[in-house]
Amino acid sequence: KTRTEAIIQNFLARRADIIVSNEPDLVDRLLQREGRSKPVSGSFALSADHSYANVNLEPVNVGGFDLWAKTVWSKREDELTSMTSFLAYAGIDKMINEHTVLGVLGQIDLVEEVNKKDHSNLETSGWTVEGLGVLVGPYIVSRLHDNLIFDGRVAYGISDNEITPYEDKYSD
């Protein structure tokens, strides 16, 4: 495996982890509609190596449909690398019966990872990887029993990634 392939593979794995760990809580969409949960407006945190901001917009009901949105921004930095990510989700859903929410969700993600140059070690010379992704698809959340809830989501999307290693540029 070439160094460029390894950098891309590792970036895509970290990017997928960021996306999955920040997914919207679709079960909470049902709980809010049932009156068992209240919307959370957001959070913000800073530390020496990690900055994080999360904003959830309270759902707006228009003609029986709820419109909602969530954004997440994060930056991690250490002496060798810096990773910045921005995720935005927007959805619209409707109660189709007293125990089921059916909706559509869209997502966009922007992630950048920078490896700082280390002139003492050619294997860690600087590079930058950037990724942009878009997903869209339906979701369903249904209470099957008092303590049993099913949620499912199908999404289709595209991803564009660029790497700039060794002063060259590669795009997929």
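Please refer to the structure placed before this passage.
Residues numbered from 1 in each chain as written. Predicted model: local features only at pLDDT ≥ 70, side-chain atom pairs only at ≥ 80, totals over all residues. Heavy atoms only, no water.

## Side note on the overall build of the chain
1) Next: Regarding its fold elements, the chain presents two helices and nine strands.
2) Next: Put simply, the chain runs from its N terminus to its C terminus through helices and strands in the order α-α-β-β-β-β-β-β-β-β-β.
3) Next: Every one of the 172 residues in the chain was classed for burial, and the buried ones make up 35%.
4) Next: For the chain, the accessible area works out to roughly 10,300 Å², and carbon and sulfur atoms hold 59% of it. (Helix = DSSP H or I, 4+ residues; strand = E, 2+ residues; numbered from the N terminus. Buried < 20%, exposed > 50% of the residue type's maximum accessible area, 1.4 Å probe, protein only. Areas by Shrake-Rupley, 256 points an atom, 1.4 Å probe, with all protein chains shown as cover.)

## Considerations on the environment of Leu 57
1) Next: Inspection of the secondary structure assignment puts Leu 57 in strand β2 (residues 50-62).
2) Next: Setting aside residues up to four positions removed in sequence, Leu 57 forms contacts with Trp 68 and Ala 69. (Contact = heavy atoms within 4.5 Å.)

## Points about the pairing of strand β6 (residues 127-145)
1) Next: The pairing of strand β5 (residues 100-115) with β6 spans 16 bridges and is antiparallel. Bridge pairing in β6 links Glu 112 to Glu 130.
2) Next: Bridge analysis of β6 against strand β8 (residues 156-165) gives 10 bridges, and the strand direction is antiparallel. Within β8, the position partnered with Thr 128 by the bridge is Thr 164.
3) Next: Bridge count between β6 and strand β7 (residues 148-153): six bridges; the pairing is antiparallel. By the bridge assignment, His 145 is partnered in β7 with Leu 148.
4) Next: Hairpin connection, β6 to β7: the antiparallel pair is bridged by two residues. (Pairing = 2+ DSSP bridges.)

## Things to note about helix α2 (residues 26-33)
1) Next: Among the eight residues in α2, seven count as buried, and that is most of the element.
2) Next: Inspection of α2 places Leu 26, Asp 28, Arg 29, Leu 30, Leu 31, Gln 32 and Arg 33 among the buried residues, and these make up the whole buried set.
3) Next: One side-chain oxygen of the residue at the start of α2 lies 3.2 Å from the amide nitrogen of Val 27, identifying that residue as Asp 25.
4) Next: At the exit of α2 stands Gly 35, carrying a positive phi of roughly 80 degrees. (Polar contact = N/O pair within 3.5 Å; in protein donor to acceptor, adjacent residues only side chain to side chain.)

## Observations regarding the environment of Asp 78
1) Next: With respect to the helices and strands, the residue Asp 78 is situated in the loop between β3 (65-77) and β4 (81-97).
2) Next: For Asp 78, the side chain forms a polar contact with the main-chain nitrogen of Leu 80, separated by 2.8 Å.
3) Next: Here Thr 81 takes part through its backbone nitrogen, which lies 2.7 Å from a polar atom of the side chain of Asp 78.

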